[in-house]
Number of protein chains: 2
Amino acid sequence: MEPVPRRASARILIEHPTPLIDCGRHLPKRTVGETFEVGADIFRDGHEVLRAVVRWKAPGPGKRPWQETPLRHVDAAAKGVRWEGRFPVDALGRWRWTVEAWVDELASWRDEVRRKADAGQDDLDSELAEGALLLRAAAERAKGDARTAIATAADVVEDTTAPTRTRVGAALDPGLVAVLDAHPDRSRSVKLARAQELDVDPERARFGSWYELFPRSWGGLKGVEAQLPALADLGFDVVYLPPIHPIGVTNRKGPNNTLVAGPDDPGSPWAVGGVDGGHTAVHPDLGTIEDLDRLVATARALGIEIALDFAIQCSADHPWLTEHPEWFNRRPDGTLKYAENPPKKYQDIYNVNFDCEDWRGLWDALRDVVLFWVEHGVTVFRVDNPHTKPVPFWEWLIGSVRAEHPEVIFLAEAFTHRAMMKTLGKAGFNQSYTYFTWKYSSWELAEYVTELATGEEREYFRPNFFVNTPDILTAELADGGPAKFASRLILAATLSPSYGIYSGFESYEATPVQPGSEEYLDSEKYEVRNRALDGPLLPLVEQLNRIRRQQTPLQHLAGTRFLDTDNPALIAFAKQHEGRTVITVVSLDPEHIQEGVVVVPYELGLPPSFKAHDLLSGDTFDWRIGRNYVRLVPLEQPAHIVEIEVA
Amino acid sequence: MEPVPRRASARILIEHPTPLIDCGRHLPKRTVGETFEVGADIFRDGHEVLRAVVRWKAPGPGKRPWQETPLRHVDAAAKGVRWEGRFPVDALGRWRWTVEAWVDELASWRDEVRRKADAGQDDLDSELAEGALLLRAAAERAKGDARTAIATAADVVEDTTAPTRTRVGAALDPGLVAVLDAHPDRSRSVKLARAQELDVDPERARFGSWYELFPRSWGGLKGVEAQLPALADLGFDVVYLPPIHPIGVTNRKGPNNTLVAGPDDPGSPWAVGGVDGGHTAVHPDLGTIEDLDRLVATARALGIEIALDFAIQCSADHPWLTEHPEWFNRRPDGTLKYAENPPKKYQDIYNVNFDCEDWRGLWDALRDVVLFWVEHGVTVFRVDNPHTKPVPFWEWLIGSVRAEHPEVIFLAEAFTHRAMMKTLGKAGFNQSYTYFTWKYSSWELAEYVTELATGEEREYFRPNFFVNTPDILTAELADGGPAKFASRLILAATLSPSYGIYSGFESYEATPVQPGSEEYLDSEKYEVRNRALDGPLLPLVEQLNRIRRQQTPLQHLAGTRFLDTDNPALIAFAKQHEGRTVITVVSLDPEHIQEGVVVVPYELGLPPSFKAHDLLSGDTFDWRIGRNYVRLVPLEQPAHIVEIEVA
């Protein structure tokens, strides 16, 4: 037998609350200062008038009260059942929210009386007597003037000696309605079966300009610190350092990933651990932990976060191999298994065994690594290859760290199939690397960004568009020359709120280790380079970062809409946020002048004609709804980023 | 802090199981003899080979064992994560199912060895030693010949004196693989967090031809019984009777819904209850309960089910008004509130108060009404106006009745907004009335049926296309004449597996009570009519019902696809089921000859040319992929229903 419902009156249905990810198993994300928009189907049998609110509770110490704001029945005219509302999120951490709905019996009664009066029905004694009872109950709920006003209305409504018209008029009086709306009877309200949750991150989880550099090529941590004012002037928000830990000697890789290293070869920073320590040590060649502390502090004073690499793997010389041999994969003969993905081999590193008997000890140790650096002021972690580790591990680790430190941001360095990319976002990663590096044509870019901006994953997956990485020198860059670098830079900086470049990009570095490879020749992964902040692309970088900070539409992925151009070598897209509009047009052709039109659709809500101020060139164009001529010249005028001025 | 996972090894993710309605809150439906298709995203980190099965448990007395069948990784080639499988459902009631997945460590190991061997790696001693251990463990799980075969293979694989090639060959031997696949290690398998459920109904819940008649116009229950052989010959599966209970005298409605009834006026059958009893009594003018028992038995012997009306409302003379006055809505002055939907009034009936203090008593009494008729052999109920009663009530009532009597079918007479229509299906109704009566154009029909056939609601909402009802004489019929009747009949009978006609339709009855009204003039709702089974449309009805029984594609909504015709007056659609194809072309124009083409798309999987055998005319056409000429003549050749013969 079916269980008997708790009470007979739960006739209101609240269904399909949104956003809802995997039935509430995972949380949507927002950043501090954003607005959280919710919706639900709310209805019941019969014709009663319903009211609904969204209720929410901010995280934080002490008892934060539940607050609420009304939901609006958005498709009532179309006989739909959708209600929507929103609330601002102004604090880091896990928020809770729910939907509550109830029958407004007085409004339902007014509706009945109005329909009958409109139909000319004159005998309404019984209906008015019923309403007077409801009014008396409402007066009980009110105080002071409100109570008096309601009671006075009840007197008129129940006065059988007065004309029906007078009594109906009193019942429907707008002033009375306002007073009654302020004193609802919610004693039989219905809520969602389960309150939902929401993760609120720092703004940097959504919007930021990243610069990646190997400290050893810049004079160690102190050398990096010396570059910070210049990086801040360039408009960077995050400086990301590959692993800064001691590097193993055993099986150390030589230049260009050769198997034998010479005595002066520094090895790959991702071969973590040596005689000087493991994941919580600083490589002596880079400096000391105090240097790191100072670097973090100086950066923060300049508005920059230092991002560290979290790479869960150990060189043969990592202390854990002797302290915790049980944490590693072994062959039956007792030898350790180095990392590999046949036929690829990573002879200089060993993976931990997440399934080992002491997995709890291993997991705790890994979390403690993160907490160690958090204690040293680091709040951003770029996580190496998270898709080769258990998803439940990440959910636990990120959840554990952020429960105490909701300011911490984890960027997933995942390049794998789509389901795993999404799942890592659901597991808690605040940002992720993307397929952007391999999306070249206007169709590919539009399809990919549209999916990120409008698919369900927009709720939990935030892209970070790196134009290159130490592992990814795409054929497009290798073959395209400076104009292609400019084009890709503009695309990354305007398509995605978070984007990044790995040093060398600004100097047009583009020689692969061999034709067709995505590895750089003489890769910095295995060698020390002499770096300086002097690449010819830096003025454009500075300009783009400045534009990004001024133009809030560029700081959000939502509201991105691709526009027709009549020329596949031109890609155009509008971004809108809180009444502001930015339209970007980029040439994908590094060799030829390209002409076309940007079709501004009516749906953007712009006036018939308007000023389009190009933030790159300073020019101002007269644009309009419809077709607008554009002409882009490689390097000279690689793009328009126009701010729409509405008179 | 996040909870620590139960065990470290739960690395496999099983997500997005389908079908899943409202996160498992509601159940998908199937009928006995169908196949239930399930799917899930199944993946984990790393490159291990996964295996998965769907497991299911049939309902029924005694302990039914869990059974299982493998899931197939359907998009492996596209690097997707989707797995699919199916199982047959051959018993009524609630089935349970889940998905189970595990790592096939031996297959993963073979994959590694194969990739390394293919890459020319010769030193595989360590890998082969690891595999030998896995093989020894597999031998432990096996018995007899299998154990011997695996152990023998392990001997070769671990024999370091043998050539690597020989050892690898033994590891990859297809015969060994087959034996190993039959002895999986599922000790660390993962299941869905919660087993899912599935409702299996009788075939009649999906497929059936309905005929509605008022027994009082056919000589009462005995008179109806006399008609059953003819109705069976016409191919009807269900005969639906409006309420057969005593009718109230107080405020009885007269002809054409007038407020004053004459002494001989019979009243509306929906004004249930009088001095002779309420919802469990038979109106004396119609016969006795024994007559009903005999009617049900005779019908069943002819393959027909008798459907009763379940109308939860009471005339002023219903026994419950005196026995249970607390079950009804009252005004403050103590008077009962009759039913109304301002400005419409139903002065002859009173609604029950589902929220009254004794709601449990009321709900139980209503369920007992259904169980009373179930005890008398009735298994089909047409429920009057369910959308004005609480949804939780229906979920409880239908669940309660079907837990003991899963053969019972509830048809929802709901004509209301879409969300409520769907919700009633989710709450348990096995069928529903639809908007078909008001869908006229080819575009409207295609859009509506496509949504029913392909939207999520196909899992729980089954349409029953009535061409007319005592309440619905559409303007299209009133104005269209006999050819329109034929057209609508063919559409209903071929578009929807369940369809119905209300008597009079076959005689082209089409006079509204006033122009523009959907009420019939001299409606049978308020008068006794002299009915006979002799309408001129009956030969077409008989032919359609015969075709429907022969052509399984017409018995399913899934697999319906609309075809282009180049003429909006012609609607064409293909239905496919288990390798059979039926294409229907219907003219929507009752006045003119219409010509056009039926575009048979490549996607139907038919050969380039084929025979199209018209089941209405007996003609055979040579049709092909692409455009096929058709010409339809009102009344003479109103449609083609062609069975595709593939040589």
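Scroll up a little and you will see the structure.
Thresholds, definitions, all that
Residues numbered from 1 in each chain as written. Chains lettered and ligands numbered in written order. Predicted model: local features only at pLDDT ≥ 70, side-chain atom pairs only at ≥ 80, totals over all residues. Heavy atoms only, no water. 1 Å grid on protein atoms, 1.4 Å probe; cavity = no way out; pocket = protein on both sides within 12 Å on 5 of 7 lines; lining within 4 Å. Points joined across faces, edges and corners; volume = space filled by probe spheres on them. Helix = DSSP H or I, 4+ residues; strand = E, 2+ residues; numbered from the N terminus. Nonpolar A, V, L, I, M, F, W, Y, C, P; charged D, E, K, R; others polar. Expected span 1.5 Å × (residues − 1). Buried < 20%, exposed > 50% of the residue type's maximum accessible area, 1.4 Å probe, protein only. Contact = heavy atoms within 4.5 Å. Buried area = accessible area lost by both parts, 1.4 Å probe. Salt bridge = Lys/Arg side-chain N within 4 Å of Asp/Glu carboxyl O. Polar contact = N/O pair within 3.5 Å; in protein donor to acceptor, adjacent residues only side chain to side chain.

Novice: Would you explain empty space enclosed by the protein in this entry?
Specialist: In this approach the atoms are scanned with a rolling probe the size of a water molecule, which exposes any empty space left behind. Residues and elements named next belong to chain A. The tally for this structure, following the rule as stated, stands at six cavities of 30 Å³ or more. Of the pockets and cavities examined, the largest cavity occupies roughly 80 Å³. H245, L308, D309, F310 and W373 are the residues nearest the centre of the largest cavity, which is lined by 14 residues in total. Counting only elements with at least two residues in the lining of the largest cavity, the list comes to strand 13 (305-310) and helix 9 (359-375). When its residues are assigned to classes, the lining of the largest cavity shows 11 nonpolar, two polar and one charged.

Novice: Hey, could you run me through helix 9 (residues 359-375) of chain B in this one?
Specialist: Because each turn of an α-helix spans 3.6 residues, side chains separated by three or four positions in sequence point in the same direction. Residues and elements named next belong to chain B. For helix 9, built from 17 residues, the straight-helix expectation of 24 Å at 1.5 Å per residue is met to within 8% by its first-to-last C-alpha distance of 24 Å. Along helix 9, the residues that are buried comprise W359, L362, W363, A365, L366, R367, V369, V370, W373 and V374. Elements in contact with the buried residues of helix 9: helix 7 (289-301), strand 13 (305-310), helix 8 (319-323), strand 16 (380-384), helix 10 (391-404) and strand 17 (409-413).

Novice: Help me out: how do you make sense of the environment of A:V369 in this one?
Specialist: Residues and elements named next belong to chain A. When you line up the elements, V369 lands in helix 9. Relative accessible area serves as the criterion here: at 5%, V369 is assigned to the buried category. Through-space distance from the C-alpha of V369 to that of T280 is 6.1 Å; in sequence the pair is 89 residues apart. Contacts of V369, omitting those with residues within four sequence positions, involve H279, T280, F310 and W320.

Novice: Sorry, what's going on with the interface of chain A and chain B here?
Specialist: When the parts of a complex come together, some accessible area is lost, and that lost area is often used as the size of the interface. Taken together, the contact between chain A and chain B spans 69 residues of the former and 69 residues of the latter. Taking both partners together, chain A and chain B bury about 5500 Å²; carbon and sulfur atoms supply 57% of that area. Applying the counting criterion to the chain A and chain B interface returns eight salt bridges. As a salt-bridge pair, B:R188 and A:D355 come within 3.9 Å of each other at their nearest N and O atoms. Viewed at the interface, chain B and chain A are joined by six residue pairs in polar contact (both at pLDDT 80 or more). Those elements that place two or more of their residues in the side of chain A that touches chain B are strand 1 (13-18), helix 1 (105-118), helix 2 (125-141), strand 14 (338-341), helix 9, helix 10 (391-404) and helix 11 (418-427) of chain A. By residue number, the principal contributor to the side of chain A that touches chain B is helix 10 of chain A, which donates seven residues. When its residues are assigned to classes, the side of chain A that touches chain B shows 27 nonpolar, 15 polar and 27 charged.

Novice: What should I look at first to understand the pattern of salt bridges in this one?
Specialist: Note on pairing: side chains with opposite charge can pair once their charged atoms come close. Inspection of the entire model under this criterion finds 115 salt bridges over all chains. Between A:D155 and A:R136 there is a salt bridge; the shortest N-O distance is 2.8 Å. Taken together, the positions of A:D155 in helix 3 (residues 144-157) and A:R136 in helix 2 put the pair 19 residues apart, joining distant regions of the chain. By relative accessible area, which is 29% here, A:R136 ends up partly exposed. With a shortest N-O distance of 2.4 Å, B:D45 and B:R11 are connected by a salt bridge. In this pair, B:D45 sits in the loop between strand 3 (35-43) and strand 4 (50-57) while B:R11 sits in the segment before strand 1 (13-18), placing the two residues 34 residues apart along the sequence. On the accessibility criterion, B:R11 (8% relative accessible area) is buried. Among the charged side chains, a network of salt bridges with common partners joins A:R11, A:R44, A:D45, A:E48, A:R188 and B:D355.

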